[in-house]
Amino acid sequence: MSSRLSNAYIKDGRTKNYNARRVHDYSSTLPERSTTKPRRTMLFKTLFTSSSINISGFNRNWIVIIPLLCITGLNVRNLCSLRLISRNYVRRIRSPTAATSLRKASVIPSNTCLTADECNDARQQLGLTEFEIGNFSKYGCFRRGSVAFWGQPSISLHVEQMIAPLDDDNSRIHCSHKRPQNSSPWPGVAWLMSFPNSGTSYTGALIRSSSLTATATNYGSANLLNQTSQMLFDWSPVGPFMTDPKSAFNLPKNGTYILTKTHCGGYCFGCPPKHYVQTQAEFRDDCLTSDFLDVFGGKQKAMYDASIVDKAVHLVRDPFDNVVSRFHLKRNQKQGNATWLAVYPNSIEGFRNFCAYVNTRLHTAEEKVPVVGEKSNINVLVKYREQIPCYSDFVRYVLWHNHAIETFDELGIEQMTLYYENYGINHRETTAKLFQFLGLTHESEGDHFRGSERYYRGYFTSDEIEAVEELVKDIASKETWNLLNHYFD
């Protein structure tokens, strides 16, 4: 075995002292120091009473200590083999310039090994009996023949270099966070899949208050306990996460499904089309993407495994109400900006003034990335910009539902359609169907519906309503039109 290939050598899951460089207890300890530098070892002897580190107690004080250890000669890159802190530690201490560029990197897929212990788990699943950790020319987790390797990253290394495809005789080893065979299959995961401002918050609150059970979310960074996102399943650290983990709600029982919020992608408001015109694969991956805070308080994004998802509730709202509600969200985000709020008051006039501004912002970008309907080669972003207030948000709305329906078919998951307006028409029946779909029972009266008065079709003229109908027909799939056509009867 070449000395350049290893600092530690593992066979059948055991770590051996290779070339007398260091012994590394793979999952829970700092590497022991070589005896070749006794003075530096003694200098920091008081920092460690043992070689073990409690991951849950790892805090920001280490951000000061670790760079000091680098100066003394301790090879702290072995910290990257510790679960949960590996790439987060590397991100935290890199230079500001490098950190900025890394944050702009694409979402890290869940089937990518980024820590040495995950790499070791994967190689055991593949039946590879030998494992080496070292300073290789290749980084991250990979294999050559029957041997698995984990190339230690340098401090300035980008994540892309750890997941890049390899050539020659090397190939990547991928991990996935699937439900273990020996774990309980319950609760199952049922997406609450919605275009933003469709009634997501009310539906989640209704489930929690009526069933007295918890819900989950893809957005763990907004749902914290002790400044940490709380995993729904301990075997899937990349999501989903608990909604409002400070509450006392329990997980749903056996035979039930936990409602899990996701907005997927392509919903940005006031953005150019390059940010919302997506392929089906991009949209699906966004549905599976979660965000969360790591142990250092840094926001991360990752994809969890699609096999986790069993069902989906497709929440749909009247497109006119949905678009106006998005304006209301924008106003909420501008609280404190008195000038902006004065120009765009919470009224029909404020909405139409806002749309007049939005309609003129992105003409060049919309011509570079056209949205073409199936019935013609006309760019609908150009066709309707003079006819419909906030026309681009109606385009986003239709494209989003096109992708949502295709995602259900692609993943083969059972779904139910829930129209937001039905809460006001027949709340009891609508709620009963939702609870039956999730296998839940009513334990309390729950939150009352207060959205009956929130209908905004009067913000549009009859000609504008007809133009929206034509826009929907132009770009909606057959399935999406069947979903939405009753809004134009």
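Just so you know, these numbers come straight off a predicted model, no measurement behind them. (Residues numbered from 1 in each chain as written. Predicted model: local features only at pLDDT ≥ 70, side-chain atom pairs only at ≥ 80, totals over all residues. Heavy atoms only, no water.)

**Notes on unusual backbone geometry**
Short version of the rule: Helical segments are the DSSP runs of H or I of at least four residues, strand segments are the runs of E of at least two, and each set is numbered from the N terminus. Note on classification: 1.4 Å probe, protein chains only; a residue is buried when its accessible area is under 20% of the maximum for its type, exposed when over 50%, partly exposed between these limits.
In this structure, proline 187 follows tryptophan 186 across a cis peptide bond, with omega equal to -5 degrees. The linkage connecting glycine 239 with the following residue, proline 240, adopts the cis geometry, with an omega of -5 degrees. Tracing the chain through its elements places proline 240 in the loop between strand S10 (228-229) and strand S11 (241-242). Residue leucine 212 is not a glycine yet carries a positive backbone phi of 60 degrees. As for its placement among the helices and strands, leucine 212 is situated in the loop between helix H7 (200-211) and strand S8 (216-217). Residue classification places leucine 212 among the partly exposed positions, given a relative accessible area of 42%.

**Some words on the environment of arginine 208**
Our working definition: We call two residues in contact whenever any of their non-hydrogen atoms come within 4.5 Å of each other.
Within the element layout of this structure, arginine 208 appears in helix H7. A C-alpha to C-alpha distance of 9.5 Å links arginine 208 and leucine 259, two positions 51 residues apart in sequence. Here arginine 208 is in contact with Thr213, Ala214, Thr215, Thr243 and Phe249, once residues within four sequence places are set aside.

**Examining the nonpolar core**
Keep this limit in mind: We define a nonpolar core as any set of buried Ala, Val, Leu, Ile, Met, Phe, Trp, Tyr and Cys residues linked to one another through side-chain atoms lying within 4.5 Å.
Ranked by internal contacts, the top residues of the largest apolar core, which has 69 residues, are Trp191, Met193, Phe351 and Val395. Per-element tally for this core: the top contributor is helix H14 (residues 391-411), with ten residues. The next biggest cluster of nonpolar side chains, apart from the first, holds 19 residues, and it includes Leu192, Tyr257, Leu259 and Met416.

**Some remarks on the side chain of aspartate 318**
To keep it simple, the criterion reads: Under the rule applied, a polar contact is a pair of N or O atoms within 3.5 Å (in protein, one hydrogen donor and one hydrogen acceptor; residues adjacent in sequence only if both atoms are side-chain atoms).
Tracing the sequence through the fold places aspartate 318 in the loop between strand S15 (309-316) and helix H9 (319-333). Classification of aspartate 318 by relative accessible area gives buried; the value is 7%. Here arginine 457 takes part through its side chain, which lies 2.7 Å from a polar atom of the side chain of aspartate 318. Beyond its immediate stretch of four places on either side in the chain, aspartate 318 contacts Tyr397, Glu421, Arg457 and Tyr487.

**Re the state of the cysteines**
Stated precisely, the cut-off is as follows: Any cysteine sulfur atom paired with another within 2.5 Å is treated as part of a disulfide.
Counted according to the given criterion, the structure contains five disulfides. At a sulfur-sulfur separation of 2.1 Å, the disulfide partner of cysteine 264 is cysteine 287. On the sign convention where negative is left-handed, the bridge of cysteine 264 and cysteine 287, at about 110 degrees about the S-S bond, is right-handed. With cysteine 264 in the loop between strand S12 (257-262) and helix H8 (280-287) and cysteine 287 in helix H8, the pair connects residues that are 23 residues apart, well separated along the chain. Along the chain, the cysteines that take part in disulfide bonds pair up as 1-4, 2-3, 5-8, 6-7, 9-10, counted in sequence order.

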